[in-house]
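Commentary on secondary and tertiary structure
For reference, the chains in residue letters:
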Amino acid sequence: MKKLLLAAAGVVALTGMTAPAALAEKGDWQFRVRAITVQPDEGADIQAIGGDVDIDSSVVPEFDISYFFTDNIAAELILGVTPHDVMAVDTAVGDLDLGDVTLLPPTLTLQYHFNPEGQVRPYLGAGVNYTIFFNDDLPSGTILDGIDYDPSFGLALQAGVDYAINERWFLNFDVKKVWINTDVTVDASTALNAVVNADVDIDPWIVGVGFGWRY
């Protein structure tokens, strides 16, 4: 991720402050491709066996689409998937490897762009997220029999900036905080003669850097 940020900064430096900028106008579409790092701010309430949850970070590509209702107000939809390894830690039966799971978290935000006619175009946004969990896969040799994640619906906040390279192309840096909560059911019938339920907060920070095109 550091290399991506340095590369973006280098491109900005090379283009200089005299690159022509075009007005972002009502009716425009913007398309971005970003590399994002998804960093969970996780926590869990695990019934019966106690403990907490540990979810690793992920770096993945992401695609998003924006539409400008006015010169300043736009809606953005981000699309991508993010895989994670999951552990239940410090439980009454020790640490449990819960395998991996992939998240599909489409997020829709409404944004306000502060300087649509400028070369540097900061924005703030707020919206909603709906996350679907799939490809949940327990590790081989596990003592567990199965695992299931319920979908999540939550809020999202963002801040970012577009930097115009020319009248069509621009660089982008973006930060989001997304609230994701899921009810997890772990089938441990064979090992513990029990089904363990957990209320899990994932609540990731999502930091992205990339480029875009305005149409």
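These notes cover the structure that comes with them. (Residues numbered from 1 in each chain as written. Predicted model: local features only at pLDDT ≥ 70, side-chain atom pairs only at ≥ 80, totals over all residues. Heavy atoms only, no water.)

Overview of a negative patch on the surface
- Together, Asp 45, Asp 85, Asp 97, Asp 100, Asp 136, Asp 137, Asp 148, Asp 150, Asp 183, Asp 199 and Asp 201 make up a region of like negative charge exposed at the surface.
- At the level of elements, β7 (94-104), β9 (120-137) and β14 (194-201) are the ones that each hand at least two residues to the negative patch.
- For Asp 45, the location among the structural elements is in strand β2 (residues 43-46).
- Overall, Asp 45 belongs to the exposed group, its relative accessible area being 51%. (Patch = residues over 30% accessible without salt bridge, like charges linked within 9 Å, V, L, I, M, F, W, Y side chains within 5 Å. Areas by Shrake-Rupley, 256 points an atom, 1.4 Å probe, with all protein chains shown as cover. Salt bridge = Lys/Arg side-chain N within 4 Å of Asp/Glu carboxyl O. Lys, Arg positive; Asp, Glu negative; His and termini not counted. Charge placed at Lys NZ, Arg CZ, Asp CG, Glu CD. Helix = DSSP H or I, 4+ residues; strand = E, 2+ residues; numbered from the N terminus. Buried < 20%, exposed > 50% of the residue type's maximum accessible area, 1.4 Å probe, protein only.)

Points about the environment of Thr 70
- Tracing the chain through its elements places Thr 70 in the loop between β4 (58-68) and β5 (73-79).
- Among all residues touching Thr 70, those that are not within four sequence positions of it are Glu 25 and Lys 26.
- Here the side chain of Thr 70 touches Asn 72 through a polar contact of 3.1 Å, landing on its backbone nitrogen.
- A polar side-chain atom of Thr 70 sits 2.9 Å from the main-chain amide nitrogen of Ile 73. (Contact = heavy atoms within 4.5 Å. Polar contact = N/O pair within 3.5 Å; in protein donor to acceptor, adjacent residues only side chain to side chain.)

Some thoughts on the packing of aromatic side chains
- Throughout the structure, instances matching the rule amount to eight aromatic pairs.
- Centroid distance Tyr 67 to Phe 69: 5.3 Å. Interplanar angle 80°. Geometry classified as edge-to-face.
- Look at Tyr 67 and you get partly exposed, because its relative accessible area is 28%.
- Owing to a relative accessible area of 43%, Phe 69 belongs among the partly exposed residues under this scheme.
- Of the aromatic side chains, those joined through ring pairs into one cluster are Phe 31, Phe 63, Trp 213 and Tyr 215.
- Cation over ring: Lys 177 sits above Trp 179, and NZ or CZ is 6.0 Å from the ring centre. (Phe/Tyr/Trp six-rings, centres within 6.5 Å; stacked < 30°, edge-to-face > 60°. Lys NZ or Arg CZ within 6 Å of the ring centre and 35° of its normal.)

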